[in-house]
Amino acid sequence: MHNIDIDLVEMTLDVMKYAINRITTTNPELGTPKPQQELKKIVGETVTPKGIGGEKAFQLFKDVLIKATVPIDHPRHLAFVPASPTRSAVMFDLVTSASSIHGAYWMEGAGGIFCENEAMNWLVSLTGLPEGAFGVFTSGGTAANLSAMVTAREYWRTRNKGKKKIRGLVVTSEGAHSSVKAMAKVIDAEVMLVETEDKLKGDQLYKTIKGLDEDQRNRLFAVVATGGTTNAGIIDELNEIADVCEKENLWFHVDAAYGGGALAADSVKHLFKGIERADSITIDPHKWLFSPYDCGAVIYKKPELAKKAHAQEGSYLDIFNDEGAQGFNPADYQIQLTRRVRGLPLWFSLAMHGTDKYKWAIEKGMQLAQIAGELIEEYPHVELVRQPSLSCVLFRRKGWTSGDYLKWTYKNHRDGFALVTPTKWKKNNQYETVSRFCFINPDTTENDIKAILETMK
Ligand SMILES: *Cc1c(COP(=O)(O)O)cnc(C)c1O
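Predicted model only: the values in this text are computed from it and were never measured. (Residues numbered from 1 in each chain as written. Predicted model: local features only at pLDDT ≥ 70, side-chain atom pairs only at ≥ 80, totals over all residues. Heavy atoms only, no water.)

(A) Region of interest: the site of the ligand. Lining the immediate environment of the ligand, one finds 13 residues, of which Gly-141, Thr-142, Asp-255, Asp-284 and Lys-287 sit closest. Within the side chain of His-286, an N or O atom sits 2.8 Å from an oxygen atom of the ligand. If the ligand stood free it would expose 380 Å²; the protein chains cover 86% of that surface. Listing elements by their share of the shell around the ligand, those giving two or more residues are helix H6 (141–159) and helix H11 (285–288). (Near = heavy atom within 4 Å. Polar contact = N/O pair within 3.5 Å; in protein donor to acceptor, adjacent residues only side chain to side chain. Areas by Shrake-Rupley, 256 points an atom, 1.4 Å probe, with all protein chains shown as cover. Helix = DSSP H or I, 4+ residues; strand = E, 2+ residues; numbered from the N terminus.)

(B) Local environment of the side chain of Arg-436. With respect to the element layout, Arg-436 can be found in strand S11 (residues 430–438). A polar side-chain atom of Arg-436 sits 3.0 Å from the main-chain carbonyl oxygen of Asn-231.

(C) Here's a closer look at the packing of helix H1 (residues 6–24) against helix H3 (residues 54–65). At a closest axis distance of 11 Å, the pairing of H1 and H3 adopts a crossing angle of 15°. One element, H1, and the other, H3, form an angle in the roughly parallel class. Note that H1 runs across H3; the crossing there is left-handed. Mapping the contact onto sequence places Met-11, Asp-14, Val-15 and Tyr-18 in H1 and Gly-54, Glu-55, Phe-58, Phe-61 and Lys-62 in H3. Looking at the contact of H1 with H3, its residues break down into five nonpolar, one polar and three charged. (Axes fitted to C-alpha atoms, helices over the stretch in contact; angles between N-to-C directions. Parallel < 35°, antiparallel > 145°, perpendicular 65-115°, else oblique. Left-handed = near helix turned anticlockwise from the far one by under 90°. Contact = heavy atoms within 4.5 Å. Nonpolar A, V, L, I, M, F, W, Y, C, P; charged D, E, K, R; others polar.)

(D) Up close: the nonpolar core. With 90 residues, the main nonpolar core has Leu-123, Phe-252, Trp-288 and Leu-390 as its most contacted residues. If one sorts the elements of this core by residue count, helix H5 (residues 106–127) sits on top with nine residues. If we ignore the near neighbours within four places in the chain, the residues touching Leu-123 are Phe-137, Ile-283, Pro-285, Leu-289, Ala-297 and Ile-299. Core analysis: the second largest hydrophobic core is formed by 21 residues, Val-382, Tyr-405, Ile-452 and Met-456 among them. (Core = buried A, V, L, I, M, F, W, Y, C linked by side-chain atoms within 4.5 Å. Buried < 20%, exposed > 50% of the residue type's maximum accessible area, 1.4 Å probe, protein only.)

(E) A look at the environment of Val-393. Topologically, Val-393 is positioned in strand S9 (residues 392–397). Since its relative accessible area comes to 0%, Val-393 is described here as buried. Sequence separation between Val-393 and Ala-232 is 161 residues; the distance between their C-alpha atoms is 6.8 Å. Contact partners of Val-393, with chain neighbours within four places excluded, come to Ala-369, Ala-372, Ile-376, Leu-384, Pro-388, Ser-435, Arg-436, Phe-437 and Phe-439.

(F) Region of the structure containing the sheet that holds S11. Here we have four strands laid out as an open sheet, ordered S8-S9-S11-S10, and antiparallel in their pairing. In this open sheet, the two strands that pair with only one neighbour each are strand S8 (382–384) and strand S10 (422–427). The mean angle between the axes of side-by-side strands here comes to 50°, regardless of whether they run parallel or antiparallel. With four bridges connecting them, S9 and S11 associate as antiparallel partners. The residue of S11 that forms the bridge with Val-393 is Phe-437. Lying over the sheet, helix H15 (residues 402–414) contacts S9, S10 and S11, oriented at roughly 25° with respect to S11. (Pairing = 2+ DSSP bridges.)

(G) Representation of the packing of aromatic side chains within the structure. Per the stated rule, a full pass over the model turns up 16 aromatic pairs. Judged by centre distance (6.4 Å) and plane angle (70°), the rings of Tyr-18 and Phe-61 are edge-to-face. You can see Tyr-18 sitting in helix H1 and its partner Phe-61 sitting in helix H3, a full 43 residues away along the chain. Among the residues examined, Phe-61 registers a relative accessible area of 32% and is labelled partly exposed. By the ring-pair criterion, three or more aromatic residues cluster together here, those being Tyr-18, Phe-58 and Phe-61. Geometry around Trp-360 places Lys-357 over its ring, the cationic atom sitting 5.8 Å from the centre. (Phe/Tyr/Trp six-rings, centres within 6.5 Å; stacked < 30°, edge-to-face > 60°. Lys NZ or Arg CZ within 6 Å of the ring centre and 35° of its normal.)

(H) A look at the UniProt feature "modified residue: N6-(pyridoxal phosphate)lysine" (unreviewed entry) in the protein chain. Under the UniProt annotation, the feature "modified residue: N6-(pyridoxal phosphate)lysine" (unreviewed entry) is placed at Lys-287. Examined against the element boundaries, Lys-287 turns out to sit in helix H11. Relative accessible area serves as the criterion here: at 15%, Lys-287 is assigned to the buried category. Those residues in contact with Lys-287 that sit more than four places away from it in its chain are Val-81, Pro-82, Ala-83, Ala-257, Tyr-258 and Ile-440. (UniProt positions renumbered as here; feature names shortened; annotations may be inferred.)

(I) Summary view of the pattern of salt bridges. For the structure shown, the criterion picks out 26 salt bridges. Note that Asp-294 is salt-bridged to Arg-342, the shortest N-O span being 3.0 Å. Within this pair, whereas Asp-294 is found in the loop between H11 and strand S7 (296–300), its partner Arg-342 is found in the loop between helix H12 (303–310) and helix H13 (344–353), the two being separated by 48 residues in sequence. In this structure Arg-342 comes out as buried when scored by relative accessible area, which is 9%. (Salt bridge = Lys/Arg side-chain N within 4 Å of Asp/Glu carboxyl O.)

Written as structure tokens, this is what we have:
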């Protein structure tokens, strides 16, 4: 299986050719999913005792399977949080795989982890956290949020020895990402939601905490604020929330998985004031920092607290006495042991392009949101639900029901034209179905936006 033969060389060239083509295509075909049975009928058995051969498997992938996926870097893919990895980052993702680096420990991964840490230094500098703060790359925002919550709870328990067995409580807002609730389940913590999808403010949070009964207050250990809600790009009042957390002695986590990239943008950096006071921060480079999937990051004000929570012990791990092996061990700061050096593509792309290019590309996403906002105000058939925030735009098609939005979404998708999905927006305790743009890709144009709005006529 591992012998180098002519077939393998040819296969490698084929794969590289495909990768180069795909990386240089700015307008990839917008595929659509097909039912599992239908795909199976077309491709037949692919995993067999003798193998079907690389050529055939690759052909099936290119002809059938890739067409049943949606390229998230398509310039008219404006649903969810899209992505737009730089070509250099994607290329280096291939290099990362080819290099077979174990990213858990400095002993094995030093050179790769060094690169990751160079990129991490820049990320940390964007947050304004004090000297000593540092972080680690994770599989995504979900794993980053989980790693931060585990650290927060461990810290709380070590400070309050009596609290070993009681169930923790986290306060966040309705605007928080679903992963906060999901990961609270993993650590069996209760979540209390402040009832607002809009900006969470200090007084609301304070009122919520004061409204807890004695048992709840005794169990409360962390507040999760959002630095750019996924639905609407709203940044909570981080400075006010930091005040409350300080006063109440609570862990302050900022989930900036989507919005964190905007810390690099001078035009909006001030909106994040207070993030420099966080105990931990989540930022997803695979969202607004142009990294390929998957790459998240968790940053701690005091990384040693994360180490206390996450470092694994085992006789088979006890081998790090050599001088060269003394260094930063990513496994100590998040939930994974064996890990890909998934910050490596980001490092290469940053090193190649420079951070100014990143600033430019992030500002471009916000400019596109402003342009979309202006167009929506000009067209008579649509209107803004709220002013664009970061790179998110919520808008409605006058007179449409939720069914109309879905039909429109499916039609544009089926036509291979665009993927823009509806969402819900809560106002006065009522949920309304509206449409939403989220801009990440700097290759999206004003004409793309116009053309999409035209399809709503
Ligand atoms: C996307 C997102 C997450 C989850 O991140 P994944 O990388 O998808 O795991 C968490 N929080 C926020 C605010 C997000 O936008």
